[in-house]
Amino acid sequence: MAETLVEFVIAEDPPKRLDKALSRDVPVEASLSRTRLAKLISEGGVALNGVTVTDPKHKVAEGDAVIITVPVAEDSHIGPEDIPLEVIWEDDDLIVINKPAGMVVHPAPGTPNGTLVNALLHHCGDTLSGVGGMKRPGIVHRIDKETSGLLVVAKTDAAHQGLAAQFEAHTVERYYRAVCYGVPDANDPRLRGVRGVNFESGNIMKITTHLARHKTDRQRQAVLFEGGRHAVTRVRIVQPFGNPAVACLVECWLETGRTHQIRVHMAHAGHGLIGDPVYGGRRKLPEKAIGVKGAGAARSFDRQALHAAVLGFEHPVTGETLRFEAPLPEDMAQLIEDLGGV
């Protein structure tokens, strides 16, 4: 297999361990993450002063000469497909996509092709320098198949590592727009009795629970208060619909990012998303309150009314602050208009 050599010298006052010293001093242009470096050490790809070292805890000193042998990234087993993409922003390290509803992010047994990854492999081509030794886009977060909106994807190993660290630290800004049944208002006495739901100043609903895969339905997530993974969602009313109000456009933002988090949290609070076949409940909106057109639009909306509208993060290579917004897709905009919104 073809390979490239990365050569450099350990700088002054290095960490004592080889893996940490390499992570600090490896040239940025090599695009090698901590995870990738650890794998290269274990595979015998790192030489220190001419001697191969496979122990990540090996001691290093200032001035040690390092040669890292990096195999050229292998082609992915996933095939590229010429699928149109709405590219919001792109450079050598990252690409930001406005994903349409109906597109799966990553191939799986039920959806082996037609995914965002297939499309990215075609779009990016040779600009993918490799993530984990494979020429593939680095997926650090996902949105559900029927959710539209913004996703950032890494094109290099270093960018993938840096983005993953930001998502793990919950420093990424993510705002969603959703249309839900009812109005999540602090004045609703019912909400005071829902465990895990409380209100912050400004009528912001905060939902705090744990989430885990449902015991009997593996396609669903379930709210727990012991076990599972900690999850926090905040919700702000944008525009109520109806007289009296029976539905609402809300803005949701995530402190954590769990599978189906907004959908299951909104359902837990009694405000499932319109169109959500799993958690929404398919309620009927009363025609007297919302009109025949609005009731029909809600009844026929065929996906969860959820859109990833805002995405903000620090560029993992340049340090630049980036923030992107994607307008509501046509189907959600039409739903809101039919419900009496603007």
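Quick note: structure is the one above.
Residues numbered from 1 in each chain as written. Predicted model: local features only at pLDDT ≥ 70, side-chain atom pairs only at ≥ 80, totals over all residues. Heavy atoms only, no water.

1. Let's talk about the overall build of the protein
Regarding its fold elements, the protein presents seven helices and 18 strands. Of all 342 residues assigned to the protein, the portion counted as buried reaches 47%. Contacts in the protein between residues far apart in sequence, at least 24 positions, make up 65% of those at least 6 positions apart. Carbon and sulfur atoms provide 49% of the accessible area of the protein, an area that totals close to 16600 Å². In the protein, which carries 38 positive and 43 negative side-chain charges, the distance between the mean positions of the two groups comes to 11 Å. (Helix = DSSP H or I, 4+ residues; strand = E, 2+ residues; numbered from the N terminus. Buried < 20%, exposed > 50% of the residue type's maximum accessible area, 1.4 Å probe, protein only. Contact = heavy atoms within 4.5 Å. Areas by Shrake-Rupley, 256 points an atom, 1.4 Å probe, with all protein chains shown as cover. Lys, Arg positive; Asp, Glu negative; His and termini not counted. Charge placed at Lys NZ, Arg CZ, Asp CG, Glu CD.)

2. Remarks on the pairing of strand 6 (residues 87-90)
The pairing of strand 6 with strand 7 (residues 94-99) spans three bridges and is classified as antiparallel. The residue bridging W89 from the neighbouring strand is V96, located in strand 7. The hairpin formed by strand 6 and strand 7 contains three residues between the paired strands. (Pairing = 2+ DSSP bridges.)

3. So, the pattern of salt bridges
Summed over the entire model, instances satisfying the criterion amount to 14 salt bridges. The residue E90 makes a salt bridge to K155 at a minimum N-O spacing of 2.9 Å. A residue pair is termed long-range when its members are at least 10 positions apart, and E90 in strand 6 and K155 in the loop between strand 10 (148-154) and helix 4 (157-168) qualify at 65 residues. By relative accessible area, which is 32% here, E90 ends up partly exposed. In this structure K155 comes out as buried when scored by relative accessible area, which is 3%. Overlapping salt bridges, with partners in common, bring together D144, R263 and D276 in one network. (Salt bridge = Lys/Arg side-chain N within 4 Å of Asp/Glu carboxyl O.)

4. Structural notes on the side chain of H307
Mapped onto the elements of the fold, H307 is located in strand 17 (residues 306-314). Residue contacts for H307: discarding those within four places in its chain leaves N98, T147, S148, G149, Y175, Y176, R177, A326, P327, L328, P329 and M332.

5. Overview of the sheet that holds strand 2 (residues 46-48)
Here four strands make up an open sheet; going across it, the order is 1-4-2-3 and the pairing antiparallel. Whereas interior strands pair on both sides, the edge strands pair on one side only; in this sheet they are strand 1 (3-9) and strand 3 (51-52). Here three bridges tie strand 2 to strand 4 (residues 65-71), and the two strands are oriented antiparallel to one another. Considered in strand 4, the bridge of V46 is made with I68. Most of the contacts of helix 1 (residues 18-25) go to strand 2, to which it runs at about 100°, and overall it touches strand 1, strand 2 and strand 4. (Axes fitted to C-alpha atoms, helices over the stretch in contact; angles between N-to-C directions.)

6. Describing the packing of helix 1 against helix 2 (residues 34-42)
How two helices sit against one another is set out by the angle between their axes and by the gap between those axes. Interhelical geometry of helix 1 versus helix 2 gives an angle of 130° and a closest axis separation of 10 Å. On the basis of the axis angle, helix 1 is oblique to helix 2. As helix 1 packs across helix 2, the resulting crossing turns out to be right-handed. On helix 2, the residues that touch L18, D19, L22 and S23 of helix 1 are R34, L37 and I41. Of the residues that constitute the contact of helix 1 with helix 2, the class distribution is four nonpolar, one polar and two charged. (Parallel < 35°, antiparallel > 145°, perpendicular 65-115°, else oblique. Left-handed = near helix turned anticlockwise from the far one by under 90°. Nonpolar A, V, L, I, M, F, W, Y, C, P; charged D, E, K, R; others polar.)

7. Regarding helix 4
Between its first and last C-alpha atoms helix 4 spans 16 Å; for twelve residues at 1.5 Å apiece the expected length is 16 Å, and the two agree. Summarising the contacts, the buried residues of helix 4 are in contact with helix 2, strand 7, strand 9 (138-139), strand 10, strand 11 (173-181) and strand 17. In the stretch just after helix 4, H170 is the one whose phi turns positive, near 60°. (Expected span 1.5 Å × (residues − 1).)

8. Concerning the packing of aromatic side chains
In total, this model carries three aromatic pairs according to the counting rule given. Ring geometry for F313 and F324: centres 6.2 Å apart, planes at 40°, overall tilted. With F313 in strand 17 and F324 in strand 18 (residues 321-325), the pair connects residues that are eleven residues apart, well separated along the chain. Among the residues examined, F324 registers a relative accessible area of 9% and is labelled buried. Taken together, W89, F313 and F324 form an aromatic cluster joined through their ring pairs. (Phe/Tyr/Trp six-rings, centres within 6.5 Å; stacked < 30°, edge-to-face > 60°.)

9. Considerations on the nonpolar core
Core analysis: the largest hydrophobic core is formed by 35 residues, its most contacted members being Y176, M205, V250 and M266. A total of five residues in this core trace back to one element, the largest contributor, which is helix 3 (residues 116-124). With residues up to four places along the chain from it excluded, the contact list for V250 reads Y176, R177, A178, C180, P184, V235, R236, I237, V238 and M266. (Core = buried A, V, L, I, M, F, W, Y, C linked by side-chain atoms within 4.5 Å.)

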